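Read off the chains here:
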Amino acid sequence: MIEFEGKKILVVGASSGIGAEVSSKLAGQGAEVILVARREELLSQICSSIGGSACYYTADVSEYKDIELLIERIVSEHGKLDGMVYSAGIVEDLPLRFLDHDKLLRTFEINYFSFVEFIRQITKKKNYNSGMRIVAISSVSSLIGEKAHTSYCASKAAMDATVRCLAKELWDKGIALNSVQPGMIRTRLYDEFVERMGDYGSANEALKKNQYAGIGETEDVANAVAFLLSGEARYITGTGLLMDGGTFTASSS
Ligand SMILES: NC(=O)c1ccc[n+]([C@@H]2O[C@H](COP(=O)([O-])OP(=O)(O)OC[C@H]3O[C@@H](n4cnc5c(N)ncnc54)[C@H](OP(=O)(O)O)[C@@H]3O)[C@@H](O)[C@H]2O)c1
């Protein structure tokens, strides 16, 4: 597969889980991947295992004001971008009594505000090539309610609303924008869930009540992202691709 030969694709939140898998997948299809996250050791390991032209920049995306400089640096060192995947995200268990302004703000800073800021800085000075495609890693949580996850669900709903709005606004500039909305995927978020449930058996039982297709793998998400970034998805913009192992239909039927 050489779908992305010569394409420069920025992956934000690339040091582990879905972002790391997406980076490897795209590089395997010829992309020059540019990884961003905070944990330098992991970024460096991933780049070494990918090989080729993969490179990384360390950044804390909650430092909102630094994003302009980061994009300027990336574009001056690598050229204009052809794609971006925004996978940076945090989940915190926050029942209402702990849901104060600062906690809400923290989730939104990482999961949402910086997502918008990356797009703003990429488009402001035309730091992209025509045909640019953006994929946001949202969640089925943007569509369903979950106890103690108000901040997370709201941040993903904001992300999906933004995808719909900016897709309209940016289409004439040659930019397409979509999200994927995974259910539970086997990453450290799943490990935290297992820890809360006590063991793998109880966790899988609890999971299967709603997500009847079972736990998803990072590769499942990477495949969907690669499709949405590819020419085969030319006519798809402003939408969310639900890939939740049945969760949404199970909870709404
Ligand atoms: N796993 C699931 O079940 C699932 C389901 C639906 C949606 N999602 C979404 O998928 C995305 C990736 O999650 P994951 O499951 O792959 O978990 P993960 O392994 O914890 O990945 C999260 C990524 O976000 C980065 N990140 C977090 N805070 C950051 C910050 N302040 N600055 C820069 N980077 C930051 C992390 O890098 P550093 O820590 O190195 O900075 C890491 O690369 C998230 O947006 C999550 O909401 C996950």
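The following paragraphs examine the structure supplied in this document. (Residues numbered from 1 in each chain as written. Predicted model: local features only at pLDDT ≥ 70, side-chain atom pairs only at ≥ 80, totals over all residues.)

**A short note on the overall build of the protein**
Here is step 1: The number of helices and strands found in the protein is nine helices and seven strands.
Here is step 2: For the protein, whose C-alpha radius of gyration is 18 Å, the value lies close to the compact-globule estimate of 18 Å for 253 residues.
Here is step 3: Along the longest, intermediate and shortest principal axes, the C-alpha atoms of the protein span 50 × 40 × 40 Å.
Here is step 4: For the protein, buried positions account for 42% of its 253 residues.
Here is step 5: Pairs at least 24 apart in sequence give 72% of the contacts found in the protein among residues at least 6 apart. (Helix = DSSP H or I, 4+ residues; strand = E, 2+ residues; numbered from the N terminus. Rg over C-alpha atoms; globule rule 2.2 N^0.38 Å. Buried ≥ 20, exposed ≤ 12 C-beta atoms within 10 Å, placed from the backbone. Contact = placed C-beta atoms within 7 Å.)

**Observations concerning the site of the ligand**
Here is step 1: Close contacts around the ligand come from 27 residues, with Gly-13, Gly-17, Arg-38, Arg-39 and Gly-89 the closest.
Here is step 2: Listed by contribution, the elements that provide at least two residues to the shell around the ligand are helix H1 (17–28) and helix H6 (188–197).
Here is step 3: A class-by-class count of the residues in the shell around the ligand yields 13 nonpolar, ten polar and four charged. (Near = placed C-beta within 6 Å. Nonpolar A, V, L, I, M, F, W, Y, C, P; charged D, E, K, R; others polar.)

**Overview of the packing of H1 against helix H8 (residues 218–229)**
Here is step 1: Close contact between H1 and H8 brings their axes to 8 Å; oriented N to C, the two are set at 55°. Between H1 and H8, the angle is such that the two are oblique. Regarding H1 and H8, the two cross each other, and that crossing is right-handed. For the pair formed by H1 and H8, the contact residues are Gly-17, Ile-18, Glu-21, Val-22, Lys-25 and Leu-26 on the first element and Thr-218, Glu-219, Val-221, Ala-222, Val-225 and Ala-226 on the second. (Axes fitted to C-alpha atoms, helices over the stretch in contact; angles between N-to-C directions. Parallel < 35°, antiparallel > 145°, perpendicular 65-115°, else oblique. Left-handed = near helix turned anticlockwise from the far one by under 90°.)

**Things to note about unusual backbone geometry**
Here is step 1: In this structure, Lys-126 takes a positive phi of about 50° despite not being glycine.
Here is step 2: Among the structural elements, Lys-126 can be located in the loop between helix H4 (101–124) and strand E5 (128–137).
Here is step 3: In this structure, Ala-148 takes a positive phi of about 65° despite not being glycine.

**Examining helix H5 (residues 150–170)**
Here is step 1: For H5, spanning 21 residues, the distance from its first C-alpha to its last is 29 Å, which sits close to the expected 30 Å at 1.5 Å a residue.
Here is step 2: Here H5 has its buried residues at Ser-151, Tyr-152, Ser-155, Lys-156, Met-159, Asp-160, Val-163 and Leu-166. (Expected span 1.5 Å × (residues − 1).)

**Side note on the environment of Gln-181**
Here is step 1: Its place among the elements puts Gln-181 in strand E6 (residues 176–182).
Here is step 2: On the neighbour-count criterion, Gln-181 (25 C-beta atoms within 10 Å) is buried.
Here is step 3: Gln-181 sits 115 residues away from Asp-66 along the chain, and the two C-alpha atoms are 28 Å apart.
Here is step 4: When residues no more than four places from it in sequence are discounted, the contact partners of Gln-181 are Ser-138, Ser-139, Val-140, Ser-142, Leu-143, Gly-240, Leu-241, Leu-242, Met-243 and Asp-244.

**Quick word on the pairing of E5**
Here is step 1: The buried fraction of E5 amounts to seven of the ten residues, a majority that puts the element mostly inside the structure.
Here is step 2: The sheet contact formed by strand E4 (residues 81–86) and E5 spans five bridges and is parallel. From the neighbouring strand, Tyr-86 faces E5, where its bridge partner is Ala-136.
Here is step 3: Taken together, E4, H4 and E5 form a β-α-β motif whose crossover is right-handed. (Pairing = 2+ DSSP bridges. Right-handed = clockwise from strand over helix to strand, strands pointing away.)

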